[in-house]
Amino acid sequence: MSEVDTKEVVAVKQHIDYCSSCYICSTLCPYEALKKNPETGKVSLEIEKCQVCGLCYSNCPAKAIDTIYYDVASLNRYLERAKQEYESDTLVIMCKGSAPDFAWVERLLGVKKFIPLSVPCVGRVPAEIYLRALLMGIKNINVLACDDDYCRFKRGSSVATNVILGLNPLLEQLGYGRDVITLVRHSLKVKVDTNLCISCGNCVFYCPYNAAKLESPGVVSFDLSLCRGCGLCVAMCPALALELENWEREHISTLIARLSSEMKPPKILVFRCQWAVFPALNGDGEPASNIRAIDLPCASRVDTFHILEALQQGVDGVLIAACSEEDCKQQKASGKAQHSVAKLGERLNQIGLQGRLHFCTVTPRYPERFERELEEFRKRIEAIYSKEGKK
Amino acid sequence: MIITTQKPLDEILDFISPYTNILIAGCDGCTQPPRGLRETKTLSQLLELGGKLRNKGFTFKVTTVAKQCDPYLAAAILRPQMEGVEAVLSLACGIGVQELAQLFPEITVFPAQNTHFMGAEEREKGALEERCAGCGDCLLALTGGICPVARCSKGLLNGACGGSKDGKCELSPDRDCAWVLIYERLKQQGKLERLKEFRPPRDYQLSGWRVTQ
């Protein structure tokens, strides 16, 4: 991260001529990446500090900030397409970090069919997208946001709340009815199966937020107001007694099974930390026939169990894309993930499966970095595959 | 805790290759790192993958026992699961493996672990270190809670040897000199006079091989 290639594509850019020096962006930026430049009076961007939350982009009144992720044009394109595809007039905008799987969304919101829009942080969706959706004939908009104090982008959730609070009365005046946009809170939380807990205290040791408590005698309990749903304890529990509610192991297993049956060999499965890689919206470009990805709330949630499961189902290579420790939104959990992946790699070597695992640290700030890692890994796996022939 | 490390997987694969129906038994007891349900499952997945490369299919059943060294507990948990099982792979320490072997004498019980010592985790170094040698004559009360029998390379009872240098042992420079640790601890407690007490040679019989209850 130290040396920055000046030609490298950067995710957030300023059009400094448009900057009207209102400083809304620098007030909103949770990472102090945007600051008033005392010489020019305009705002300057320090890209290394930027976490690509998109709050500046969606709130800049002068359109002086541009981002390559989930901009108005691509969100519009997605909505047009998704409206046809999902045949529904309910839109659900979800924070990827807090969203449960779709079956749970249905239950949680009591809707049968909906148009999903998963973005890293609901705060990055500009107000005009809400209006655009209503213009398209969408009747209800549900926003599934994290609790304000759990927002990984610190302010994203509260910015979304403000947008909704501002829009609803206006829409009512225009005759769209009351509360067209509904805000639903949902944060991922751990749950413990006390029948399986062996009181080993591993979760107490690993939890970065001191949410796990172990009293003697007794099994572990969690203070859910402290839990931030990173899933590190789930991946570390030796007794398999922990789960992330609504993102259970079984759900990930089903997903692995489905994706590996979809792929053509040599199959590559990517576990992406949702804060490390911002994928294109569904339908923006066709995925390669031999690569599929699963987004997780943090790379530390990548259970070695799931990596092995993928290999058992005929996946030839598993790539784990995580944030660097400095960028980790979950207090250095990515380092722990790297350690367990390395350990698993050693064990795979022992049985003769060399080079099938790769852990990389990337950032959405420089979108090409992930592309490069994936490309290199793809070449490596294809080489192994053609050398060994079909199993 | 009893500290163990996993045997190389190809060694385990060699053990179990004559069998098909195998029970993998974890131990939630004192083996460290934990060898519970997750580890049994992970091991079954790894062995299945390894078997596949060797054209050998296995059927694994995975389970875990709170303490394999407790034969009553082990019997209660494992007996109902033994139908059709041709071999058992135990993730316990050597004691657990032997208890299972005694419990199921007609079946081969394989160790999946190498057992090292009674020890604890040294978090700073990310290592597991020996802490107790089971000498049968505990002198921790006199040595500030640091055991020279287990932690001094030479097991000395009356202070450091001449090879102690910068707080490290002459046998391996990354190993702390137990007697320097003891000195520092006693100094902290204001009990340095304890070092002047002479301790006679150990009675090795006390470590023994059997204790009657």
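Procedures and definitions
Residues numbered from 1 in each chain as written. Chains lettered and ligands numbered in written order. Predicted model: local features only at pLDDT ≥ 70, side-chain atom pairs only at ≥ 80, totals over all residues. Helix = DSSP H or I, 4+ residues; strand = E, 2+ residues; numbered from the N terminus. Rg over C-alpha atoms; globule rule 2.2 N^0.38 Å. Buried ≥ 20, exposed ≤ 12 C-beta atoms within 10 Å, placed from the backbone. Domains from an automatic or database assignment. Contact = placed C-beta atoms within 7 Å. Nonpolar A, V, L, I, M, F, W, Y, C, P; charged D, E, K, R; others polar. Pairing = 2+ DSSP bridges. Right-handed = clockwise from strand over helix to strand, strands pointing away. Axes fitted to C-alpha atoms, helices over the stretch in contact; angles between N-to-C directions. Arc of directions from axis to C-beta.

Within chain A, the regular secondary structure consists of 12 helices and 16 strands. The C-alpha radius of gyration computed for chain A amounts to 22 Å, which stays within 12% of the reference 21 Å derived for 391 residues, consistent with globular compactness. Overall, chain A is about 65 × 55 × 45 Å in size when its C-alpha atoms are taken along their principal axes. Across the 391 residues of chain A, 46% fall into the buried class.

Further remarks concern the domain arrangement of chain A. Residue and element names in this part refer to chain A. Each assigned domain of chain A is listed with its residue range as follows: domain 1 (12-67), domain 2 (72-185), domain 3 (190-244) and domain 4 (249-388). Taken together, the four residues of domain 1 in the interface contact four residues of domain 4. Residue composition of the side of domain 1 that touches domain 4, by class: three nonpolar, one polar and no charged.

Here the focus is the pairing of strand β8 (residues 181-185) of chain A. All names here are of chain A. Taken together, the five bridges between strand β7 (residues 140-145) and β8 define a ladder with parallel strand orientation. Each residue of the ladder has a partner; that of Ala145, found in β8, is Arg185. Following the chain from β7 across helix α6 (residues 156-173) to the adjacent parallel β8, one finds a crossover that is right-handed.

All names here are of chain B. Taken together, the four strands give an open sheet; going across it, the order is β4-β2-β5-β6, and neighbouring strands pair in parallel fashion. On the outer flanks of this sheet lie β4 (59-65) and β6 (108-111), each paired with one strand and no other. Strand-to-strand, the axes of this sheet are offset by a mean angle of 25 degrees, without reference to chain direction. Pairing of strand β2 (residues 21-27) with strand β5 (residues 87-90), which is carried by four bridges, proceeds in the parallel orientation.

Once that is clear, we can look at helix α4 (residues 94-103) of chain B. All names here are of chain B. Restricting attention to buried positions, one finds in α4 the residues Gly96, Val97, Glu99 and Leu100. Taken end-on, α4 shows its buried residues confined to a sector of 165 degrees, consistent with a single buried face. In the core, the buried residues of α4 are packed alongside β2, α3 (71-78), β5 and β6.

In this section: the pairing of strand β15 (residues 317-322) of chain A. All names here are of chain A. The buried fraction of β15 amounts to six of the six residues, a majority that puts the element mostly inside the structure. Neither face of β15 is exposed, since Gly317, Leu319 and Ala321 on one face and Val318, Ile320 and Ala322 on the opposite face are all buried. Pairing analysis gives five bridges linking strand β13 (residues 268-273) to β15, with the strands arranged parallel. When the sheet's bridge partners are listed, Ile268 is paired in β15 with Gly317. Relative to strand β16 (residues 357-361), β15 is paired through five bridges, and the arrangement is parallel. Counterpart to Leu319 in the pairing with β16 is His358.

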